[in-house]
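Listed below are the residues making up each chain.
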Amino acid sequence: MSAVKPMRKIFSARFLSVGLGVFIAVSLLTGAAPQKAQAAETLKIGVVLFLSGAAAGPFGIPARNGVETLIAAINGGKIPAPYNTKGMAGAQIEAVYIDESGGATKQVTEFRNLVQRQKVDVVVGYISSGNCIAVAPVADELKMLTVIPICGTPRLFEDASYKYVFRTISDSITDSVGAAHYIKEKFPNARTIAGINPNYAWGQDSWRDFHLAFKLMNPDSEIVTEQFPKLFAGTFTSEISVLLRKKPDVIHSSLWGADLESFVNQAAARGLNKRSKIILTIGEANMFRLGAKMPDGIIISARGPYGVLARQTPLNDWFRAAYQDLFTAPPVYPSYMTAQAMLGLKIAYDKASQARGGGMPSTEEVVKAFEYLKYEAFGITIDMAYGNGHQAFTGTAYGQFKFDKSTGTATFTDIMWFDPECVNAPKGMKGAAWIKGGMKGAKCG
Amino acid sequence: MRGMLSKTEIGLFVALAVLLLAKLILPEWAVTLGTVALARGLVVLGLLILWRTGLISFGQALFFGTGGYTVGLLRVYGGLTDIFVLTLLAFLFAGLLAYLLGLLISRYREIFFAMLCLAFSMMLYGVLVKTEVLGSTDGFNVVGLTLFGFPIEGNTLQTVNYFWMCLLACAMSILVHRYLSSTMGHLSPAIRDNEIRVEYLGVSVQRTINVKFVIAGALAGGGGAITAIAVGHVDPDAMVYWLISGEFVFVTIFAGTGSVAAPFLGSVIFELLRTYAFEYMPLLWQLTMGTVLLIVIVFLPNGLWSLVQRGPRKG
Amino acid sequence: MLTLIAILLDGLIFASWIFIVAVGLTLIFGVMRILNIAHGSLYAFGAYVAAWLVGQYLSAGYAPMGSFAVLLLSAIIVGVPMGFIMERGLLRFMYGRDEVIMVLVTYAVFLILEDAIMLIWGTDAYFAFEPYSLLGNTEIEALVFSNYDLAMIALALVVGALLWWGLNHTRVGKYLQVVIHDRELAQALGINVTRVFTITFMVGAVLGALGGAFTAPQISVTPGMGVEVIVLAFAVVVIGGMGSFPGAVVGAVLVGIIRAAAVHLLPQLELFIIYAVMALVLVFRPQGLFGQAEARKI
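These numbers come from a predicted model, not from an experiment. (Residues numbered from 1 in each chain as written. Chains lettered and ligands numbered in written order. Predicted model: local features only at pLDDT ≥ 70, side-chain atom pairs only at ≥ 80, totals over all residues. Heavy atoms only, no water.)

Student: An account of the overall build of chain B is needed here, citing residue identities and associated values.
Tutor: Tallying secondary structure elements over chain B gives 14 helices and four strands in all. Radius of gyration (C-alpha) of chain B: 19 Å, near the 20 Å computed for a compact globule of 315 residues. Taking the principal axes of the C-alpha coordinates as reference, chain B spans close to 55 × 45 × 45 Å. Expressed as a percentage of its 315 residues, the buried residues of chain B come to 68%. Of the accessible surface of chain B, which amounts to about 10800 Å², a share of 70% is contributed by carbon and sulfur atoms. With 18 positive and 15 negative side-chain charges, chain B shows a spacing of 14 Å between the two charge centroids. (Helix = DSSP H or I, 4+ residues; strand = E, 2+ residues; numbered from the N terminus. Rg over C-alpha atoms; globule rule 2.2 N^0.38 Å. Buried < 20%, exposed > 50% of the residue type's maximum accessible area, 1.4 Å probe, protein only. Areas by Shrake-Rupley, 256 points an atom, 1.4 Å probe, with all protein chains shown as cover. Lys, Arg positive; Asp, Glu negative; His and termini not counted. Charge placed at Lys NZ, Arg CZ, Asp CG, Glu CD.)

Student: If you had to explain the packing of helix H8 (residues 237–246) of chain A against helix H9 (residues 257–269) of chain A to someone new, which residues and values would you point to?
Tutor: All names here are of chain A. It is the contact of H8 with H9, at a shortest axis distance of 10 Å, that shows an interaxial angle of 50 degrees. On the basis of their axis angle, the class for H8 and H9 is oblique. Along this stretch, H8 crosses H9, giving a crossing that reads as right-handed. Residues Thr-237, Ile-240 and Leu-243 of H8 lie in contact with H9, whose contacting residues are Phe-263, Gln-266 and Ala-267. (Axes fitted to C-alpha atoms, helices over the stretch in contact; angles between N-to-C directions. Parallel < 35°, antiparallel > 145°, perpendicular 65-115°, else oblique. Left-handed = near helix turned anticlockwise from the far one by under 90°. Contact = heavy atoms within 4.5 Å.)

Student: For a nonpolar patch on the surface, give the residues involved together with the corresponding values.
Tutor: All names here are of chain C. Taken together, the side chains of Val-249, Val-250, Val-253, Leu-289 and Phe-290 present a nonpolar region at the surface, about 330 Å² in accessible area. Along the chain, the position of Val-249 falls in helix H11 (residues 245–265). Note on Val-249: relative accessible area 33%, which makes it partly exposed. (Patch = residues over 30% accessible without salt bridge, like charges linked within 9 Å, V, L, I, M, F, W, Y side chains within 5 Å. Salt bridge = Lys/Arg side-chain N within 4 Å of Asp/Glu carboxyl O.)

Student: Can you break down the interface of chain C and chain B residue by residue, with the values?
Tutor: Between chain C and chain B, the residue contacts involve 47 residues of the former and 47 residues of the latter. The junction of chain C with chain B conceals about 4200 Å² of combined surface from both sides, 76% of it contributed by carbon and sulfur atoms. The largest share of the area that chain C buries against chain B comes from Leu104(C), Tyr107(C) and Asp115(C), three residues that together contribute 13% of it. The interface formed by chain C and chain B holds zero salt bridges in total. (Buried area = accessible area lost by both parts, 1.4 Å probe.)

Student: Account for the pattern of salt bridges, with residues named and values stated.
Tutor: Enumeration according to the criterion identifies 20 salt bridges over all chains in this entry. For Lys293(A), the salt bridge goes to Glu130(C), with nearest N and O atoms at 3.8 Å. Taken together, the positions of Lys293(A) in the loop between helix H11 (284–290) and strand E10 (299–301) and Glu130(C) in helix H5 (residues 130–134) put the pair across two chains. For Glu130(C), a relative accessible area of 35% gives the class partly exposed. One network of salt bridges, in which partners are shared, links Arg40(B), Glu247(B), Glu271(B) and Arg274(B).

Student: An account of the sheet that holds E10(A) is needed here, citing residue identities and associated values.
Tutor: Residues and elements named next belong to chain A. Taken in spatial order, the seven strands line up as E7-E6-E8-E9-E10-E13-E14 in an open sheet, and their pairing is mixed. Single-partner strands in this sheet number two, and they are strand E7 (222–227) and strand E14 (409–418). The mean inter-strand angle of the sheet, taken between neighbouring strand axes irrespective of direction, is 25 degrees. The pairing of strand E8 (residues 250–253) with strand E9 (residues 277–280) spans four bridges and is classified as parallel. The residue of E9 that forms the bridge with Ser-253 is Leu-280. Against the sheet, H8 touches strand E6 (192–196), E7 and E8, its axis set at about 170 degrees to E7. (Pairing = 2+ DSSP bridges.)

Student: If you had to explain the packing of aromatic side chains to someone new, which residues and values would you point to?
Tutor: Counted under the stated rule, the structure contains 42 aromatic pairs over all chains. On the numbers, 5.9 Å between centres and 65 degrees between planes, the contact of Tyr48(C) with Tyr126(C) is edge-to-face. Here Tyr48(C) is found in helix H2 (residues 39–59), whereas its partner Tyr126(C) is found in the loop between helix H4 (99–121) and H5, with 78 residues between them in sequence. Aromatic rings pair up to connect Tyr125(B), Tyr241(B), Trp242(B), Phe250(B), Phe254(B), Phe270(B), Tyr107(C) and Phe110(C) into one cluster. (Phe/Tyr/Trp six-rings, centres within 6.5 Å; stacked < 30°, edge-to-face > 60°.)

Put into structure tokens, the structure is as follows:
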């Protein structure tokens, strides 16, 4: 062990300045570099998705593949009409990929780096609710157009309003209310419910909205247990014991990523699915990976009519084929969500460019073009009617999982579609308040 | 030397001037990064005091997080918005917490000391993660701050926070430097070498250590506060988890403990290294950091500061 | 009553899992005075190799029951070479440095190995669920337990018994005990401390990998899985007394039961309570429940 030397003779002002000089020089050099790399005819998009950690495999990677499918098609002008123009406002897209893992605080710092150092023009990304809530105010502060394709917390636009932030999907209210409707229709005798949801905004909101909606539809129902394991916990031995012991009719879960796969494995092995009806609000992302390992009869959604639940349209057929050409596996809902975000962005850019008579529009012009935009995406119509024109207003679908042994593919039975007006609060109303107030104004077909 | 500025202090003032002037030429992102790096340097400065006594805390994120959450909670639930008031309260609360825990922890040494710190930090982590009103895993945003009653945000906030951090870094370094040069401070290596002998001198080792623990805790709290203000967000994984404590220990050893300026220099280099590793090798940044740490431990046993130290002797 | 049974069994299952990991950690600390953070990486490597090998094994069409042997084998292929390389290739150059520096060295190795996992296996999650359901279930009234989980208790008992026997009835084990008790005395007695260190580190590494390998069939194996484990294993080791073998047993059971009780009765406290117990134990017995108190040096 070395003794610490006395520090009297250690240093002069000169040498401290040398150290500081290094910092300043490095910052300056690299700060200046990307600016000249920015050519006029390219649009630089920062893409932030989980590329490592538990959420990468089932979520981040298919989501990134969705982005890549669209970038290739947009740059080549290959999307079917009317979207067959090359590029966004004529500019070729160049993407920078950033890993979303590491927590919200780190993501805020990385967002600043993307904008201020890498000088991206647009940011597309954020899967985790914690991250999108943390980043949104910074996006507005830096006036950076940010399109959020997946993050589902209703708090994003209910608790604040943003000028530069857009979300091209519905929030988790849609999933929770849809789940309650599906149970009510298909399993009218279900009375006791339990939840196992990840311990953060996403899981807490999903569960609360579900059990409130369920209680409203079934006033004599009862919650028997609510478990909130830590995100990415991996083993759920004790939690499953609790669920077995309480014997609920329905188990609601918004677990996702590797957690979902671990939970399904452990629950199925111990026969939990035989005793209770399990509803996985976002199980579709994992169903092709799990295949026969997912027990039949589990109720699954894709957070909307995406993936196998998507309507068959020419655009959807094109997307499925283009995606499978590049990545062999079929696209899952995260792929659909990032793809429709990219498509919305292209439409907004093209529209803004047209409005100014050609050329590259300013961020403000794109924002204006994006607000209240209504466009046909891949099997779904995206209507940016929520959050002052910043959030989509879409319906959802639920079905029961079935593994078709003869073809070896994952499919659905008993699919039900729900209209946007059935599973969303009327515009301008907070979702949770709407449910608590008795879901007035819902129009279910 | 009494009443005069020592060489170190003159150096620190020059550094302060350089840092303040640097704002004119630094790109925006570097200002935020610099603020965060200096804030974390403040935490490491606290660890330096402990390290000189032969102690290390594997739970310093406890106080870092306390500082961050003090700002966050007082802003959201207490309605306090002034960044100076918030930062000073963070120093105070973290110091107070350190005092209370220190009554217990200061009885321990070596790995037990380190582990007890870890236990307490993980307790706070456990509470935060499971408590919804405290934001659980998501944490919450810290926005709508003011300066003397005027709302500030965006670039202005970053600039003010940066200047404030530079002033704090300079002031705290000087205070710590003076403390280490005082009688109490000189006891540090003595306690490290042989505490029973120190006690024969009529000094309560436990109380001395508690004082150091309080200073270290308060510094970490201040660092956490500045970080929360700069980033605009607090969450348990980024502020309280054991990996964050690990990073602080990492920087302490990486920087070296030869001078009160070392933690800041080390922290700035650490943050730069990390952000570039993250940008250019998004899947290999941990590997890069680990390798750098190994190299420093093997080839520079006294940390990066030994490079600076070696310089002036030749000239 | 059923709740009690559930808490007890859940607790023991959790305890067995964490014991296997923690006992390797405590062994290394006891003998070498190294708090090995990279133990978490060994755990993760064990899980990855197991998930990958079991997948290969089953797709080759061999008897499913043989996959348990594959799990065991995975732990050995990971632990033996990695333990050897880490100890001989790196750690031995650091002996004599401060304990904290040693922790940081293993921390650096941990960081490097975390990314090495992604380099080798990519970012995608791996799973090899088959062995988990091979053994069937046991039903106790409303409760259903996977026999695989119950077998983990047996595995932990076997590991514990083997270690106990190894420490008390073999020559190497006795040397180890001498080294744990007094390193200088051991050297004076002519014990080859270098070799003892290498063996200890390899055994410890195998145990870490074993914990990971037998967790693999339960979960989707992903990068970052070693981070959480290591700090939990630390808690167990500290509660039991660092370097104490009976301490690891008691620490694991205590942590397992308390955590299970929290999940069943007060889910909010699940994470907090483990570290609260650790702090409590440290307050009243800083050396841990079974640790030896060290004399103050004069």
